[in-house]
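Residue-level listing of the chains:
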Amino acid sequence: MSQMKGKTLVITGATKGIGEAIAEKFAQNGVNIAFTYNSNEQLANELAQKWEETYKIKAKAYPLNILEPDQFKPLFEAIDQDFDRVDFFVSNAMIYGRPVVGGYGKFMRLKPKGLNNIYTATVNAFVVGTQEAAKRMEKVGGGAVVTMSSTGNLIYIENYAGHGTNKAAVEAMSRYAAVELGEMNIRVNAVSGGPIDTDALKAFTNYEEVKAETIKRSAVNRMGTPKDIAGAVYFLCTEEASWITGQTIVVDGGTTFR
Ligand SMILES: NC(=O)c1ccc[n+]([C@@H]2O[C@H](COP(=O)([O-])OP(=O)(O)OC[C@H]3O[C@@H](n4cnc5c(N)ncnc54)[C@H](OP(=O)(O)O)[C@@H]3O)[C@@H](O)[C@H]2O)c1
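## Re the nonpolar core
- Formed by 66 residues in total, the largest nonpolar core has its most connected members in Leu 9, Ile 22, Ala 23, Ile 33, Val 146 and Val 233.
- Sort the elements by how many residues they give to this core and helix α4 (residues 112–139) lands first, with nine residues.
- The residues contacting Ile 22, other than those within four sequence positions of it, are Ile 11, Ala 14, Val 90, Asn 92, Ile 229, Ala 230 and Val 233.

So this is what it looks like as structure tokens:
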């Protein structure tokens, strides 16, 4: 869409899965991409090169650890050196593996450290990233922010209490941000995904079971894909969504109601 051409998206965690699909969707529509990686530097640089060549846009990868919210300020300062504007921010990255020990598990096994890590990665990363992005959006007359959420805050998913509660928290935080950033012409929304086939889901101890159950529950009889989420995030950032703010859009193939 021409209205998007030449604008800039900042997105965290776009090396794979949902983040990669979102970045690619924006790139296809002429949006320049500043995105972060954590462990996959080489892959990130290859993606940047691919998007630049394929879509004739500017794309650059930056390191970020969302467990260190102080890194957002220097991240955006580095982005300022390479991009002349920030129009969209998508808070997408999520921790996995060792940092979620004590956060991913049954209720009686939850531990403050694991839970705190998930809070930092989910809510703090959204808050600090959005603050930095909003300062830049204000300079160009406004923008849009989207945070990734999950339907695991609406329905029970085994071992998901730590993530589910923090997704509920980030949805609430995004509504507060929406009210207060509206005067800068910045809209803030959340996209709440049902189970999507990515590495994060494959890390679930009961991955096969979740996948089979998702297909069974889905009104359209299939698993969710990263592209399903990317379309909704992109829409929320366009002018077509200019009266939508402070909302959570559920993209779940109809799985939540069943
Ligand atoms: N998959 C689902 O079923 C599902 C459903 C609903 C919502 N979501 C949400 O969608 C978002 C993306 O999930 P996904 O399934 O696409 O995940 P994913 O495939 O595991 O990708 C995670 C991304 O986060 C980055 N990352 C990991 N640890 C990080 C850290 N400490 N600091 C900064 N970045 C880090 C990774 O970068 P590197 O590759 O460089 O390490 C990668 O780009 C998450 O917020 C998730 O909660 C997922």
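## Here's the deal with the site of the ligand
- Looking at the ligand, there are 30 residues lining it, with Gly 13, Gly 17, Gly 193, Thr 198 and Ala 200 nearest.
- Of the residues in the shell around the ligand, the class split is 15 nonpolar, 13 polar and two charged.

## Some thoughts on the pairing of strand β1 (residues 8–11)
- Neither face of β1 is left uncovered, since the one carrying Thr 8 and Val 10 and the one carrying Leu 9 and Ile 11 both have all their residues buried.
- Direction of pairing for β1 relative to strand β2 (residues 32–37): parallel, over a ladder of four bridges. Each residue of the ladder has a partner; that of Ile 11, found in β2, is Phe 35.
- Taking the sense of rotation as the criterion, the β-α-β connection linking β1, helix α1 (residues 17–28) and β2 turns out right-handed.
- Relative to strand β4 (residues 88–91), β1 runs parallel, the two being bridged by three bridges.

What counts, and at which threshold
- Counting from 1, residues in each chain are numbered in the order their sequence is written.
- Note on the predicted model: pLDDT of at least 70 is required for a residue's local features to be given, and 80 or more for side-chain atom pairs to be given and counted; whole-chain, interface and lining totals, by contrast, use all residues.
- Here, a nonpolar core denotes buried Ala, Val, Leu, Ile, Met, Phe, Trp, Tyr and Cys residues that are linked to one another through C-beta atoms within 7 Å.
- Partly exposed residues are those whose C-beta has more than 12 but fewer than 20 other C-beta atoms within 10 Å; 20 or more makes a residue buried and 12 or fewer makes it exposed, with C-beta atoms placed from the backbone.
- The secondary structure listing takes helices from DSSP runs of H or I that are at least 4 residues long and strands from runs of E that are at least 2 residues long, numbered from the N terminus.
- Once C-beta atoms are placed from the backbone, any two residues with those atoms within 7 Å are in contact.
- Nearness here has a simple definition: the residue's C-beta atom, placed using the backbone, must lie within 6 Å of the molecule or strand.
- All residues other than Ala, Val, Leu, Ile, Met, Phe, Trp, Tyr, Cys, Pro, Asp, Glu, Lys and Arg, Gly among them, are scored as polar; the first ten of these are nonpolar and the last four charged.
- Criterion used throughout: strands pair if DSSP finds at least two bridges between them.
- Note on handedness: a crossover is taken as right-handed if, strands pointing away from the viewer, the path from the first strand over the helix to the second is clockwise.

By themselves, these figures tell us nothing about what the structure is for.
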